[in-house]
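# Observations on the model geometry
In case you want the letters, here they are:
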Amino acid sequence: MDAKNNKTLVEVQNLKQYFPVGSGLITNKYIKAVDDISFHIEKGETLGLVGESGCGKTTAGRTILRLYEPTAGKIIYDGTDITHADMMPYRRRMQIVFQDPYSSLNPRMTVGDIVGEPIDIHKLADSRKERKDKIIQILECVGLNSEHANRFPHEFSGGQRQRIGIARALAVDPEFIVCDEPVSALDVSIQAQIVNMFEELQEKMGLTYLFIAHDLSVVKHISRRIGVMYLGKLVELAESYELTFNNVHPYTRSLISAIPIPDPAESREKNRIVLEGDVPSPLNPPSGCRFRTRCPYADKLCAEQEPEFVEISKGHFAACHHLDRVAD
Amino acid sequence: MSKALLNINNLKVSFFTPAGEVKAINDISIRMEEGDVLGIVGESGSGKSVTAYSIMGLIPYPGKIVNGTIEFNGHNIHEMAEKELQNIRGNEVSIIFQDPMTSLNPVYTVGNQIQEALFLHTNMDKQRAYQRSLELLNLVGINEPEKRLKQYPHELSGGMRQRVMIAIALACEPKLLIADEPTTALDVTIQAQIIELMMELKKKINMSIIVITHDLGIVASMCDKIAVMYAGKIVESGTIDDIFYSPQHEYTKGLLKSIPKLNKKEHEKLVPIKGVPVDMLNPPAGCPFAPRCDSCMKICLKRMPEYTNISDDHKCACWLLQKKEYEAATGGER
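Residues numbered from 1 in each chain as written. Chains lettered and ligands numbered in written order. Predicted model: local features only at pLDDT ≥ 70, side-chain atom pairs only at ≥ 80, totals over all residues. Heavy atoms only, no water.

### Looking at the state of the cysteines
Linking two cysteines covalently via their sulfur atoms produces the bond known as a disulfide. All names here are of chain A. Overall, the coordinates contain 0 disulfides over all chains when judged by the stated rule. A disulfide-free cysteine, Cys 141 has its sulfur positioned 15 Å from the sulfur of Cys 179, the nearest such atom. We note that Cys 302 lacks a disulfide partner, and the nearest cysteine sulfur, in Cys 289, lies 5.8 Å from it. Since its relative accessible area comes to 5%, Cys 302 is described here as buried. (Disulfide = S-S within 2.5 Å. Buried < 20%, exposed > 50% of the residue type's maximum accessible area, 1.4 Å probe, protein only.)

This is the structure we're talking about:
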């Protein structure tokens, strides 16, 4: 990539998101859903975020959009610090597509109104006709047509509903879209349609994505770079090829080896690393390195000290004390 | 050829809903031998779960077996009364459901629920049943089984609950275990544990397994044979190598092309299957896949094709194959 294109759109510095648990006004127990993560997303690229349920990937995505107020850290959007800024003008530029196409659309609104609402809020249309034209144009963009505008969400299949959700995000002509597990609820044959559409829209409109999913195969397919999260921390971040084939963190390794490969011959040969145990509760995470309770390389150092997230080769970050041992 | 453990013949199951008859299973035949691991793949609504439920005699109202026979281990499931079915369920054939969060009873301890199956189907006394439930929890890899037996489902994680489900299913050493999307609700690292566990257990107690899933990866890592279902029909069936390396049906081919592969080094564009899944209330007259098929011919829209036998195990229902066969037989004359 040349220097002109190489511009950061979103930068996240030491972002923390804690949720208080328990009742009462004063509580000192917190779930550390996102605990000190830093990364950046360049204009026009797709950054994938993977991890198991409860690792904080969705929270990270929502906090970047300030749908949650961050506990600490900084969010810099296009050169401006938006950590405490008035979000109204930025909502036009950053949007989100939710996971569940069944519950994220208002069942009482027509598709036209669902897509038209952001246009009204941001006063993007001067007349009724302009509003209508805009809605139709966006619907066509996502593979629906003008007839669909008068129907209600329940008349559509899962894949079509997800298209409506994407149309709603596109209505304000944004630059940056957080895609929060947008294909997880869909059938395999439909998944591919939506993934391809995301790619086409990106080419056409120059969109930047933060693509959050638990399915590493999908994330690897669509992303230029991938970050792996475990219990609120980023453990590894690298270009997708590098992360899939030259990964260094023991968690990334076991995550990749746990994915069943749809190829019988390869799956017979494969040596699967099966992790012991479950993900610990984020309410009470292990001291030091959070992965140590399930890590085959863990020792005393891991319990005492938290590993730093360091750049081990250009653009490849990882947080582990024993990278030299894991490599063998 | 060894004795068939399960033999389903021309089974049709319909749901008589207020909106009309939904043919959830439309004329399928499955044969399984002892020790087989069969994978049933398909999209939501393709009838794969209903197939499993009919083997258990668990088709929910308003569903009914309209036609066909299900023979399992010497029993004719399709004509058995509920009482007789209860003797088989959990004893000779067991099922693991998709969602371990909701399929355990929240007000009974784990121990109660495992022992329930034992008391129903064996004459064990309390002491023996307790010992057996400890053994079972050990078998499925749960630590501190004494403590777990006294706990309630909400005290366990998702992976543990699925292990408990498996322990209950295995309590009476069934001949056949049906796993209905056993890992869909679980994380990948936990999914790997459960797959490993099921394969180990299969070796230990030599049972047959039917795995129902939409994930081709799971099928590739567990099964010997696959049946691909679409809109209530088995459109193709064969060994895993047949299906993965020489798929014949356009739907199977499309399915294999539409999944992103982690082991591919270069970026390939996915080839999605166009269109939307079948509306089961108004299915197309001919081959159900015809409206989404790229090589659709006139006849496809009118009549359902017969099966073509590609090899002993490999069968596929597609007009394209019929056409090839016809041309081969007549030397290309029409």
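### Let's talk about the packing of helix H3 (residues 110–121) of chain B against helix H4 (residues 126–139) of chain B
Residues and elements named next belong to chain B. It is at 9 Å that the axes of H3 and H4 come closest, and there the two elements cross at 125°. With respect to their mutual orientation, H3 and H4 come out oblique. Pair H3 / H4 crosses with right-handed handedness. From H3, Ile 114, Gln 115, Leu 118 and Phe 119 reach across to H4, where they touch Lys 126, Ala 129, Tyr 130, Arg 132, Ser 133, Leu 136 and Leu 137. The residue inventory of the contact of H3 with H4, partitioned by class, reads 7 nonpolar, 2 polar and 2 charged. (Axes fitted to C-alpha atoms, helices over the stretch in contact; angles between N-to-C directions. Helix = DSSP H or I, 4+ residues; strand = E, 2+ residues; numbered from the N terminus. Parallel < 35°, antiparallel > 145°, perpendicular 65-115°, else oblique. Left-handed = near helix turned anticlockwise from the far one by under 90°. Contact = heavy atoms within 4.5 Å. Nonpolar A, V, L, I, M, F, W, Y, C, P; charged D, E, K, R; others polar.)

### Quick notes on the packing of aromatic side chains
The relation between two aromatic rings is expressed through the spacing of the ring centres and the mutual angle of the planes. All names here are of chain A. According to the stated counting rule, one finds 15 aromatic pairs over all chains in the structure shown. Seen from their ring centres, Tyr 230 and Tyr 251 are 4.5 Å apart, and the 55° between their planes marks the pair as tilted. In this pair, Tyr 230 is assigned in strand E9 (residues 225–230) and Tyr 251 in helix H9 (residues 250–258), connecting sequence segments 21 residues apart. Tyr 251 sits in the buried class, given a relative accessible area of 0%. (Phe/Tyr/Trp six-rings, centres within 6.5 Å; stacked < 30°, edge-to-face > 60°.)

### With respect to the interface of chain B and chain A
Each partner contributes to the interface: chain B provides 44 residues, whereas chain A provides 42 residues. Surface buried jointly by chain B and chain A totals about 3800 Å² across both partners, of which 58% is contributed by carbon and sulfur atoms. Where chain B meets chain A, there are 2 salt bridges. Across the pair A:Arg268 and B:Asp241 runs a salt bridge, and its minimum N-O distance is 2.8 Å. Our count for the contact surface shared by chain B and chain A stands at 16 residue pairs in polar contact (both at pLDDT 80 or more). Listing elements by their share of the side of chain B that touches chain A, those giving two or more residues are helix H7 (188–205), helix H8 (216–222), helix H9 (240–245) and helix H10 (250–258) of chain B. (Buried area = accessible area lost by both parts, 1.4 Å probe. Salt bridge = Lys/Arg side-chain N within 4 Å of Asp/Glu carboxyl O. Polar contact = N/O pair within 3.5 Å; in protein donor to acceptor, adjacent residues only side chain to side chain.)

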